[in-house]
Amino acid sequence: MSYQLQATFSRGELDPELIYRADLELFRASLAECVNFITLKRGGLRRRGGTRFIGEVKDSAQGGWLIPFEFGNGQFYMLEFGDFYFRVFTSEGRVGSVEVETPYSRAVLPSLKFVQSTDTLFIAGGGVAPQALQRRAETDWSISPMAFEDGPFLDVNIAPTSLVPAETGNPVPEMTSNTVPSGAVSSSNGSGSAFQVFNRQPGKMVFSSDSEGWVQYRFPAAVVIDAYMLQAPNDNSQNDDMPWQWSLEGSNNGAAWTILDSQDAQDSWASSEWRDYAFHNETAFTYYRLRFTQGGGSAGDDSAIGQILFHQAGDTQAPFTLTASGTEGINGGQGFLASDVGRHVRFRGADGFWRWFKITAVNSATKALVRVFGQTLPDTSATTLWRLGSWSKTTGFPETVGWHKNRLAFAGTATEPQTIWESQTGDFNNFTVSHVLTATDAVTVGVLSGQVNRIQWLVDDNDLIAGTSRAVRSIGKATDQEVFGPENVEQKPETNFGANAVSPIKIGSVLLYFGPYGTDMREMAYDFSADGRLSQSVSEFQSHLFMRGISGACYQQYPDSIIWSWDTGGAAIGFTYERQQQVYGMHRHDFGGVVECMGELSGVRSDEVWMIVRRTVDGQTRRYIEVMQRPFRTADIKEAWHLDCAALYDGAAVSSFSGLGHLEGQDVVIYADGTDYPATVENGSVRLPSGQTAARALIGLDVTARAVTLPFPVNAQDGSSMGRKTRVDECKVAVLETGTLKVGSPQTYMDELIYYRAGDQAGQPAPLRTGVLDQTLETRWEDGGQLTIEASGGKPCTVLALNFGRSGEP
């Protein structure tokens, strides 16, 4: 007889194709089967925690999807998305009666991508405009389309088609006197010609003989102004009379003024030069006044202005007609379409500056109703310099979202599947590109490749990493010495091992993602020798676990650093990952039903893994929200939680337990005060046998954890022992705080290693064992020298090492 020590199980379950590859270095750290055990970072096996029943999804016939929402300060929520709704849960259960309508059908939920910033979750995908989901209070939640500014846009029109706006966005009419045609103009010097600053003509209007003064316009009715433009006098270069310090103020009585915008150091004006200014304002005022406190040039006299143009806030404007001279260049020659409503149009005005329209209605192929945003137009001249918005019902909406250098990035529409759009720095709704580019402007990048491969996901790193079905590429700086921006951007290929749509997992500086068919997991990390990121498979030795394709994944960092995934058949796969320690242990998990979704959420003592499990209960299909419990790590055996879909009673000692309707008709285990009792749920209740009582009872589905060792070769006189009869005669098992453990062969006998011993306290369950358990076994020669270990019921089990004696035929 020879003894074989297996001191670690860190590689988990090995692919059956490799079951006889004893030459592999990882062979002695692997298992033939690993079910409902997790491989620990330090090498051992621990029985996984059971699951706690939280509640049933709203509609078990359709199911749902889980999206985590972590507000911070200990406020962690799991959102149950279903067919056009979401509900809110915490670890204590559903939050009130919160239920919010969404634009998402059940069918599109798995494809959604999301990122979060404080109290807002940004969601992309599902064939609708990107949405902003907000938590305003514990029971006050909302979701609505994001209101984007100025883009993004398709390429500039090259067709001969011109666009003509019917209005400019300036609510002040072309004044011909201080009171005609409407409203009233006045100034600090009482000039009867003050109106000329609003007559839409270049010129010069002096408002003060010194450096201070004002000019104002009174509307017939209150108007919301959110931007303005100033033009210097047409002879400003001679005496620099333009003010260089001022405030724009609003009032509803001409006496009490609110400062809306202030400017300073606005000097060095060229003759007839335009400058534009914008500010946030949602209040309508009747009076608007430009009050300057420094002007008149170096002499401080004859302060003058050429023109003032106000811009009425776009959402408050009456829509006006935008007329196209033809349809060429508009939607492939189709002209404006009804699906263009809500779409942006960028338009270059006669002054050379770009504005943007939002389409509110389409009247014909050449006529659309629009509102103008950003700044007012100087006039209603036609132009062929225009751009249609990239995002709309016509062109499609982005399917993925991510962060990059304090920008919100979107990617992949039906029309532009390989384009990435990044917002302005720190302004996530704004895709403006300035007249003179700045580093904070929005960035648009088209991913270059020989094939059209839709961008599947975006991940923030030093660069923005974009996964496509055929490659992974990065977007970053072209020059390290400069700030990332529209004039300093570069894309480069990272690997030609592509990805599927499942969101990848970033652990430290390493990215783990699934291949294009979801049948392998890849690890991408920076390699100094290659001066770039390299991608390698981490599932090659466990490829059988991925054969059906992965549907989704999440990462539980604490306590055991496990990536949890589920495949298209609803089987769950755990992957203990600790790269620095070379721990790559994969294990299968059976939750007694079909796993349809998993999600990770921060908990009190560890990260929580939530799931939706489809079960057959009392002959009916039920879909339950459940939370995996932390594996046993305490000294009190009564606190163990190793039953699935379980509910806990903790109170006065009783003999029966109710509130178990979710397990109606199921055979369950009552884990009462540290002891297992089998029972069947009837009318939502179970009862302890023989009138016994318990103050703490966990009632749930039994879970059997099983591990099977590999057929290690034994010494043979004439060479290899492969294929020869071998059996295990005895084993020594090192355990830690273990309350249940069987070893042996399922075909013969499984020996229970945890039992009462002399000196154990009567009337109490056998205490948890720590140390080496020694057992003589009865196995068959046909077992090939493989050993099976099992644990079931409500008690914990942790195996640290195995040392078993084998006999082989000569």
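Residues numbered from 1 in each chain as written. Predicted model: local features only at pLDDT ≥ 70, side-chain atom pairs only at ≥ 80, totals over all residues. Heavy atoms only, no water.

Draft legend 1. Broad picture of a negative patch on the surface. A surface patch of negative charge is lined by Asp-210, Glu-212, Asp-301 and Asp-302. Relative to the assigned elements, Glu-212 resides in the loop between β18 (205-208) and β19 (213-223). (Patch = residues over 30% accessible without salt bridge, like charges linked within 9 Å, V, L, I, M, F, W, Y side chains within 5 Å. Areas by Shrake-Rupley, 256 points an atom, 1.4 Å probe, with all protein chains shown as cover. Salt bridge = Lys/Arg side-chain N within 4 Å of Asp/Glu carboxyl O. Lys, Arg positive; Asp, Glu negative; His and termini not counted. Charge placed at Lys NZ, Arg CZ, Asp CG, Glu CD. Helix = DSSP H or I, 4+ residues; strand = E, 2+ residues; numbered from the N terminus.)

Draft legend 2. Structural detail: the nonpolar core. Leu-79, Phe-81, Phe-86, Leu-133, Trp-141, Met-598 and Trp-610 are the most contacted members of the largest nonpolar core, which totals 45 residues. The element that contributes the greatest number of residues to this core is strand β49 (residues 608-617), accounting for five residues. Setting aside chain neighbours within four positions, we find Met-598 in contact with Cys-554, Trp-564, Ser-565, Trp-566, Ala-572, Phe-591, Val-609, Trp-610 and Met-611. Phe-37, Cys-731, Leu-741 and Ala-766 belong to the second-largest nonpolar core, a separate cluster that totals 34 residues. (Core = buried A, V, L, I, M, F, W, Y, C linked by side-chain atoms within 4.5 Å. Buried < 20%, exposed > 50% of the residue type's maximum accessible area, 1.4 Å probe, protein only. Contact = heavy atoms within 4.5 Å.)

Draft legend 3. A look at the pattern of salt bridges. Summed over the entire model, instances satisfying the criterion amount to 33 salt bridges. Among the salt bridges present, the one from Glu-56 reaches Arg-622, with a minimum N-O distance of 3.6 Å. A residue pair is termed long-range when its members are at least 10 positions apart, and Glu-56 in strand β7 (residues 51-56) and Arg-622 in strand β50 (residues 620-628) qualify at 566 residues. Classification of Glu-56 by relative accessible area gives partly exposed; the value is 31%. Look at Arg-622 and you get partly exposed, because its relative accessible area is 28%. Put simply, Glu-523 and Arg-579 hold a salt bridge, and the shortest N to O gap is 3.0 Å. Remark: Arg-579 occurs in the loop between β46 (572-578) and β47 (583-589) and Glu-523 occurs in strand β42 (residues 521-527); sequence separation between them is 56 residues. Under the relative-accessibility criterion, Glu-523 is labelled buried at 1%. Here Arg-579 falls in the partly exposed class, since its relative accessible area comes to 29%. One salt-bridge network, held together by shared partners, links Asp-461, Asp-463, Glu-494, Lys-506 and Arg-533.

Draft legend 4. Representation of the pairing of strand β44 (residues 550-556) in the model. In terms of burial, β44 is largely enclosed, as six of its seven residues are buried. Pairing between β44 and strand β45 (residues 562-567): six bridges, direction antiparallel. Paired with Ala-553 across the strands is Ser-565, a residue of β45. (Pairing = 2+ DSSP bridges.)

Draft legend 5. Broad picture of unusual backbone geometry. For the bond from Val-180 to Pro-181, the omega torsion is 10°, close enough to zero to count as cis. One can find Pro-181 in the loop between β16 (163-165) and β17 (184-187). Between Tyr-558 and the following residue, Pro-559, the backbone shows a cis peptide bond with an omega angle of 10°. Considering the arrangement of structural elements, one finds Pro-559 in the loop between β44 and β45. If you check the backbone angles, Thr-118 has positive phi at about 50° while not being a glycine. Relative to the assigned elements, Thr-118 resides in the loop between β12 (113-117) and β13 (120-124). Classification of Thr-118 by relative accessible area gives exposed; the value is 56%. Even without glycine at this site, Ser-690 takes up a positive phi of about 55°. Here Ser-690 lies in the loop between β55 (686-687) and β56 (694-701). Accessibility expressed as a relative area gives 76% for Ser-690, which makes it exposed.

Draft legend 6. Structural detail: the sheet that holds strand β32 (residues 400-404). If you walk across this open sheet you meet the four strands as β32-β33-β34-β35, and the pairing is antiparallel. Here the strands that pair on one side only, and so sit at the sheet edges, are β32 and β35 (443-446). Averaged over all pairs of adjacent strands, the angle between their axes in this sheet comes to 20°, without regard to strand direction. The pairing of strand β34 (residues 419-422) with β35 spans four bridges and is antiparallel. Looking at β35, one finds that Trp-421 is bridged to Thr-444. (Axes fitted to C-alpha atoms, helices over the stretch in contact; angles between N-to-C directions.)

Draft legend 7. Summary view of the sheet that holds strand β26 (residues 307-312). With respect to topology, three strands assemble into an open sheet ordered β23-β20-β26, the strand pairing being antiparallel. Of all strands in the sheet, those with a lone pairing partner are β23 (274-278) and β26, marking the two edges. Strand-to-strand, the axes of this sheet are offset by a mean angle of 20°, without reference to chain direction. As paired strands, strand β20 (residues 225-231) and β23 are joined by five bridges and run antiparallel to one another. In the sheet register, Leu-230 faces β23, and the bridge partner there is Arg-275.

Draft legend 8. View of the packing of aromatic side chains. All told, the structure shown has 38 aromatic pairs when counted by the stated rule. Centroid distance Tyr-526 to Phe-528: 5.1 Å. Interplanar angle 80°. Geometry classified as edge-to-face. With a relative accessible area of 42%, Tyr-526 lands in the partly exposed category. Note on Phe-528: relative accessible area 73%, which makes it exposed. The rings of Phe-69, Tyr-77, Phe-81, Phe-86, Tyr-104 and Trp-141 are connected pair by pair, giving a single aromatic cluster. Against the face of Trp-257 rests Arg-289, its NZ or CZ located 4.1 Å from the ring centre. The ring of Phe-497 has Arg-522 sitting right over it, with the charged end atom 3.8 Å from the ring centre. (Phe/Tyr/Trp six-rings, centres within 6.5 Å; stacked < 30°, edge-to-face > 60°. Lys NZ or Arg CZ within 6 Å of the ring centre and 35° of its normal.)

Draft legend 9. Focus on the state of the cysteines. The full count for this structure, using the stated rule, is zero disulfides. For Cys-597, which is in no disulfide, the shortest distance to another cysteine sulfur is to Cys-554 and amounts to 8.3 Å. In this structure Cys-645 is a free cysteine whose sulfur lies 16 Å from that of Cys-597, the closest cysteine sulfur available. (Disulfide = S-S within 2.5 Å.)

Draft legend 10. Region of interest: the environment of Thr-419. When you line up the elements, Thr-419 lands in strand β34. What makes Thr-419 buried here is its relative accessible area of 10%. Between the C-alpha atoms of Thr-419 and Ala-29, which are 390 residues apart in sequence, the distance is 45 Å. Beyond its immediate stretch of four places on either side in the chain, Thr-419 contacts Phe-410, Ala-411, Gly-412, Thr-444, Val-445, Gly-446 and Ile-455.

Draft legend 11. Summary view of the pairing of strand β58 (residues 726-738). Judged from the nine bridges that link them, β58 and strand β63 (residues 798-808) form a sheet pairing that is antiparallel. For Cys-731, the partnering residue across the bridge sits in β63 and is Phe-804. In the sheet, β58 pairs with strand β61 (residues 769-776) via seven bridges, with the strands oriented antiparallel. Within β61, the position partnered with Lys-732 by the bridge is Asp-774.

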